[in-house]
Amino acid sequence: MVNKESEPIFWTLFSAGGVVAALFLPVQLFIFGIAIPLGWMHAPQYIAMRELLHSPITRLYLFVLCSLPLFHFAHRFRYTLYDGLQIKHLNEVVFACCYGIAIVGTLTAGYLLLTL
Amino acid sequence: MSAGQSSAPTLRSGTDQSHAQTPIYTEFHPRWYRPQISTYWWLGKWAYVKFILRELTSVAVAWTVALLLLQILEVSRGGEHYARFENLMSSPWMIVLNIVAFAFLLMHSITWFNLAPKAMAVRVRGKRVPALMISGPQYVAWIVVSAIVFIIIASRV
């Protein structure tokens with residue numbers, strides 16, 4: 001699965017996802033997970049959210065925001081399990097689970113954003 | 001020298017006796033010495049704990065994406081569904097969980113921006129560009145991007 005040829009691809013996805021996650025995810029979670037639930041910010045009306053979501057730019061943005069950070073997660077979490085738990089015999093299972101999550105998440109995002 | 005030679009016959013007679021017995025053969029190649037490292041090796045030092053915490057920020061990244069996917073799904077399903085999503089986000093355990101996840105996301109951003117100058121050794125006219133010149137613009141971009149997203153959402157009342 002992972003060899004000398006394919007490793008740079010996984011690393012590039014990890015790196016690109018890391019940049020996207022670092023720049024765009026904190027504000028996302030802060031607004032919808034903390035500021036609005038605690039009443040620091042007015043919640044947008046449903047109609048406004050729907051309208052925003054239907055714009056092609058938003059859809060493209062959200063697709064990138066879902067997909068690349070999941071590949072970042074897959075690579076980093078895989079190595080956390082390798083180093084932290086030392087479960088060398090489960091390396092292939094860990095690999096399949098981590099990248100499985102990333103691929104399923106990406107496909108789900110693509111499907112949801114295309115069929116709004 | 002002479003003392004060693006005098007003791008040799010007694011030694012030889014001793015080894016001869018042991019060779020008479022059947023030697024023990026091991027079926028497999030003996031394992032190299034590998035000390036067993038505990039699963040909790042990283043708890044010993046603060047630097048190691050920090051390393052593991054930094055690596056675990058990826059869980060907060062996946063969590064945030066999962067919430068985002070749920071939010072997209074609920075918006076696409078209709079107003080009642082979206083109201084249910086908002087209720088879920090307002091439950092106390094969810095707020096606590098999201099505050100913890102947010103702290104990890106901040107840790108990811110800060111460690112990521114600070115890592116860039118170490119990963120890229122940019123040289124201009126033979127001199128290494130200072131770390132602040134590489135990580136600085138990323139912090140500026142972070143603030144600008146966050147402000148833009150904030151304004152877009154806040155203007156949609």
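Residues numbered from 1 in each chain as written. Chains lettered and ligands numbered in written order. Predicted model: local features only at pLDDT ≥ 70, side-chain atom pairs only at ≥ 80, totals over all residues. Heavy atoms only, no water.

Novice: Mind showing me how you'd approach the overall build of chain A here?
Specialist: Per the secondary structure count, chain A includes 4 helices and 0 strands. Relative to the compact-globule value of 13 Å for 116 residues, chain A shows a C-alpha radius of gyration of 17 Å, a clear excess of over 25%. Dimensions of chain A, computed from the C-alpha atoms along their principal axes, are close to 50 × 30 × 20 Å. In chain A, once contacts between residues fewer than 6 apart in sequence are set aside, the share between residues at least 24 apart is 71%. Taken as a whole, chain A presents about 5,800 Å² of accessible surface, with 72% of it coming from carbon and sulfur. Treating the 6 positive side-chain charges of chain A as one cloud and the 5 negative ones as another, the clouds have centres 5 Å apart. (Helix = DSSP H or I, 4+ residues; strand = E, 2+ residues; numbered from the N terminus. Rg over C-alpha atoms; globule rule 2.2 N^0.38 Å. Contact = heavy atoms within 4.5 Å. Areas by Shrake-Rupley, 256 points an atom, 1.4 Å probe, with all protein chains shown as cover. Lys, Arg positive; Asp, Glu negative; His and termini not counted. Charge placed at Lys NZ, Arg CZ, Asp CG, Glu CD.)

Novice: For this particular structure, what's the right way to read helix H2 (residues 46–54) of chain A?
Specialist: Residue pairs spaced three or four apart in an α-helix point in one direction, given the helix's 3.6 residues per turn. Along H2 of chain A, the positions that sit buried rather than exposed are Tyr46, Ala48, Met49, Leu52 and Leu53 of chain A. Angularly, the buried residues of H2 of chain A cover 160° about the axis, an arc narrow enough to put them on a single face. Projecting away from the buried face of H2 of chain A at angles above 90 degrees are the exposed residues Ile47 and Glu51 of chain A. In this structure, the buried side of H2 of chain A is in contact with helix H1 (7–35), helix H3 (56–85) and helix H4 (91–114) of chain A together with helix H2 (46–77), helix H3 (79–90) and helix H5 (131–154) of chain B. (Buried < 20%, exposed > 50% of the residue type's maximum accessible area, 1.4 Å probe, protein only. Arc of directions from axis to C-beta.)

Novice: I keep staring at the side chain of serine 91 of chain B and nothing clicks. Help me out?
Specialist: All names here are of chain B. Along the chain, serine 91 turns up in the loop between H3 and helix H4 (92–119). Owing to a relative accessible area of 15%, serine 91 belongs among the buried residues under this scheme. Among the polar contacts listed, one links the side chain of serine 91 to the backbone oxygen of leucine 88, at a separation of 2.8 Å. (Polar contact = N/O pair within 3.5 Å; in protein donor to acceptor, adjacent residues only side chain to side chain.)

Novice: Can you walk me through the interface of chain B and chain A in this structure?
Specialist: Accessible area lost upon the coming together of the parts serves often as the stated size of an interface. Taken together, the contact between chain B and chain A spans 53 residues of the former and 52 residues of the latter. Interface of chain B and chain A: buried area, both sides summed, is about 4,800 Å²; carbon and sulfur atoms make up 77% of it. Among the residues of chain B in contact with chain A, Trp112, Ile153 and Arg156 of chain B are the three that bury the most area, contributing 14% of the side total. Along the contact surface separating chain B from chain A lie 2 salt bridges. Among the salt bridges present, the one from glutamate 55 of chain B reaches arginine 76 of chain A, with a minimum N-O distance of 3.5 Å. The tally of links between chain B and chain A comes to 8 residue pairs in polar contact (both at pLDDT 80 or more). Only H2, H3, H4 and H5 of chain B provide two or more residues apiece to the side of chain B that touches chain A. A total of 19 residues in the side of chain B that touches chain A trace back to one element, the largest contributor, which is H2 of chain B. Across the side of chain B that touches chain A, the residue classes break down as 34 nonpolar, 15 polar and 4 charged. (Buried area = accessible area lost by both parts, 1.4 Å probe. Salt bridge = Lys/Arg side-chain N within 4 Å of Asp/Glu carboxyl O. Nonpolar A, V, L, I, M, F, W, Y, C, P; charged D, E, K, R; others polar.)

Novice: What is the right way to read the packing of aromatic side chains from this model?
Specialist: By convention here, two paired aromatic rings are described through the distance between centres and the angle between planes. Overall, the coordinates contain 17 aromatic pairs over all chains when judged by the stated rule. Arranged with centres 5.4 Å apart and planes meeting at 70°, the rings of phenylalanine 14 of chain A and tryptophan 112 of chain B form a pair that is edge-to-face. Of this pair, phenylalanine 14 of chain A sits in helix H1 while tryptophan 112 of chain B sits in helix H4, placing the two residues on different chains. If you follow arginine 78 of chain A out to its NZ or CZ, it ends over the ring of phenylalanine 10 of chain A, 5.9 Å from the centre. (Phe/Tyr/Trp six-rings, centres within 6.5 Å; stacked < 30°, edge-to-face > 60°. Lys NZ or Arg CZ within 6 Å of the ring centre and 35° of its normal.)

Novice: I tried to follow the nonpolar core on my own but got confused; where do I start?
Specialist: Ranked by size, the top nonpolar core spans 53 residues in total, and within it Ile31 of chain A together with Ile72 of chain B carry the most contacts. Counting only elements with at least two residues in this core, the list comes to H1, H2, H3 and H4 of chain A together with H2, H3, H4 and H5 of chain B. Ala22 and Leu23 of chain A together with Phe113 and Trp142 of chain B belong to the second-largest nonpolar core, a separate cluster that totals 6 residues. (Core = buried A, V, L, I, M, F, W, Y, C linked by side-chain atoms within 4.5 Å.)

Novice: Just checking my understanding: could you explain H3 of chain A for this structure?
Specialist: Look at H3 of chain A: 43 Å from first C-alpha to last across 30 residues, which is about the 44 Å you get at 1.5 Å a residue. Residue glutamine 86 of chain A follows H3 of chain A closely and has a positive phi angle near 50°. (Expected span 1.5 Å × (residues − 1).)

Novice: I keep staring at the environment of threonine 115 of chain A and nothing clicks. Help me out?
Specialist: Residues and elements named next belong to chain A. Mapped onto the fold, threonine 115 is located in the segment after H4. A C-alpha to C-alpha distance of 28 Å links threonine 115 and proline 37, two positions 78 residues apart in sequence. A distance of 2.7 Å separates a polar side-chain atom of threonine 115 from the backbone oxygen of tyrosine 111.

Novice: Would you explain a nonpolar patch on the surface in this entry?
Specialist: Side chains of Val140, Val144, Ile148 and Ile152 of chain B sit close together on the surface and give an oily, nonpolar patch of about 330 Å² of accessible area. Of note, valine 144 of chain B is situated in helix H5. (Patch = residues over 30% accessible without salt bridge, like charges linked within 9 Å, V, L, I, M, F, W, Y side chains within 5 Å.)

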